Amino acid sequence: MPDTRHKQNRNAGRRRAWLAAMLAVLTAAIMVVVRNQRAEPYRHASGAIFGTVYNITYQSHKDLSAGIRERLEQVDASLSPFNSRSVISAVNRNERTTPDSMFTSVFNKAQEVSRETGGAFDITVAPLVNLWGFGFKDGTTPTRSAVDSIRRIIGYEKVRLQGGRVVKSDPRVMLDCSAIAKGYGCDMVAALLRDNGIGNFMIEIGGEIVTSGISEKRLPWKIGVTKPDDDQLGAGGGIQTVINVTDKAMATSGNYRNFYYKDGKKYAHTIDPHTGYPVQHNILSATVLADDCATADAYATAFMVLGLEKSQEVLARHPELMAYFICASGGRQDSVWYSPSLRDKIE
């Protein structure tokens, strides 16, 4: 019996020695990985696209700025209505064209968000936006008859994909993906970086953001939400709050810098597709966090149309979304509402 216990103790000792050796090897391997990661530089790429600017930070030994630019130009060639050779421009000219995978993906996402928000998000609304002066800046106030005339060709139900083609119920229907394309562009760059094995990055295009991993400071990515300000140049706005956006996408839509005054009245840039008129509720900005930026971008726009209560109803049906709303309260201090699931992310 003592001999058996001796063997058991000896075997247990060997196991402990083996486990200790494996732990040492694992620890050494982790240290090598961490040291190599820290040795990899954080690179930066920036430029102009989609009528705005992009700023991208990523950790890699490889310079991917050319690939990033190429990917963004692919999105532009598919979705930009200001690019006469783009797929969406050909669709708007009613030319026979086969939509590419980018157009198809964004179109389907847009239709999905339109259905979920009762048409508050609508990629056919551009003619109304232009009528109100935000597209061509003509500065004239539309008449009721002019609004009603254009409303007849507005509506996401008036266009569909069928057999690999875009089918319109009225040839005058125009598509504009500006309220989702920046977010989609962020997603496409994120896919490019991930395909190259990059885990730490932040992508920002015109205020829409996708993050992954950690920053150069070895900390989670933290993004500020701008405090609403009627200063159209943005010189007076500070930071309302800071949100931990690590491994998430974030998009913000706001009326406080996009408006004009006519005859003493302030007109916001967000047009309600149902009424044909600028929204008049008290949401100043809507920030949305989602798993992908195209979704966040589209819902942020929709919430600006819906207003607080209806947006809360949509959020209740979509727990995968988180939102932060800044509302005009009528006093000196703006009011804030945010999703309960966002609480732990607010600094």
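Shown above is the structure to which this text applies.
Residues numbered from 1 in each chain as written. Predicted model: local features only at pLDDT ≥ 70, side-chain atom pairs only at ≥ 80, totals over all residues. Heavy atoms only, no water.

Explain the side chain of Asp122 to me, using residue names and the numbers behind them.
Take Asp122: it is sitting in the loop between α4 (101-116) and α5 (126-131). Of the side chains with opposite charge, Lys158 comes closest to the buried, unpaired Asp122, at an N-O distance of 7.7 Å. Polar contacts involving the side chain of Asp122 include one to the side chain of Thr124, which spans 2.6 Å. Once you skip the residues sitting within four places of it in the chain, Asp122 turns out to touch Ser114, Ile154, Gly155, Tyr156 and Pro273. (Helix = DSSP H or I, 4+ residues; strand = E, 2+ residues; numbered from the N terminus. Buried < 20%, exposed > 50% of the residue type's maximum accessible area, 1.4 Å probe, protein only. Lys, Arg positive; Asp, Glu negative; His and termini not counted. Salt bridge = Lys/Arg side-chain N within 4 Å of Asp/Glu carboxyl O. Polar contact = N/O pair within 3.5 Å; in protein donor to acceptor, adjacent residues only side chain to side chain. Contact = heavy atoms within 4.5 Å.)

Please set out the sheet that holds strand β1 (residues 42-49) residue by residue, giving values where relevant.
Overall, antiparallel pairing links the eight strands, which are arranged β1-β2-β5-β6-β9-β12-β13-β14 in an open sheet. For this open sheet the edge positions go to β1 and β14 (335-338), each flanked by a neighbour on one side alone. For this sheet, the mean angle separating the axes of adjacent strands, direction not counted, is 10°. Relative to β14, strand β13 (residues 322-327) runs antiparallel, the two being bridged by four bridges. Its bridge partner lying in β14, Phe325 is registered against Trp337. (Pairing = 2+ DSSP bridges. Axes fitted to C-alpha atoms, helices over the stretch in contact; angles between N-to-C directions.)

Tell me about the packing of aromatic side chains, residues and numbers included.
Per the stated rule, a full pass over the model turns up six aromatic pairs. Judged by centre distance (6.0 Å) and plane angle (15°), the ring pair of Phe103 and Phe107 falls under stacked. Residue Phe103 and its partner Phe107 are both found in helix α4; the two are separated by four residues, about one turn of the helix. Ring geometry for Tyr299 versus Phe303: centroids 5.8 Å apart, planes at 40°, classification tilted. With Tyr299 and Phe303 both in helix α8 (residues 293-306) and four residues apart, this pair spans about one turn of that helix. Here Tyr299 and Phe303 have matching classes, each one buried. (Phe/Tyr/Trp six-rings, centres within 6.5 Å; stacked < 30°, edge-to-face > 60°.)

Residue-level account of the pairing of strand β5 (residues 201-205), with values.
Of all five residues in β5, five are buried, a share of seventy percent or more. Burial along β5 is two-sided: the residues Phe201, Ile203 and Ile205 and Met202 and Glu204 are all buried. As paired strands, strand β2 (residues 52-59) and β5 are joined by five bridges and run antiparallel to one another. Across the sheet, residue Ile56 finds its bridge partner in β5, namely Ile203. The sheet contact formed by β5 and strand β6 (residues 208-212) spans five bridges and is antiparallel. Bridging from a neighbouring strand, Ile205 pairs with Glu208 of β6. Between β5 and β6, which pair antiparallel and follow one another directly, the connecting turn spans two residues, one of which, Gly206, has a positive phi of 55°.

So what's going on with the side chain of Gln111? Residues and values would help.
By secondary structure assignment, the location of Gln111 is in helix α4. Look at Gln111 and you get buried, because its relative accessible area is 8%.

Describe in detail a nonpolar patch on the surface, supporting the description with residues and values.
Residues Trp18, Leu19 and Met22 make up a contiguous nonpolar surface patch of roughly 350 Å² in combined accessible area. As for its position among the elements, Met22 is in helix α1 (residues 2-39). Here Met22 falls in the partly exposed class, since its relative accessible area comes to 43%. (Patch = residues over 30% accessible without salt bridge, like charges linked within 9 Å, V, L, I, M, F, W, Y side chains within 5 Å. Areas by Shrake-Rupley, 256 points an atom, 1.4 Å probe, with all protein chains shown as cover.)

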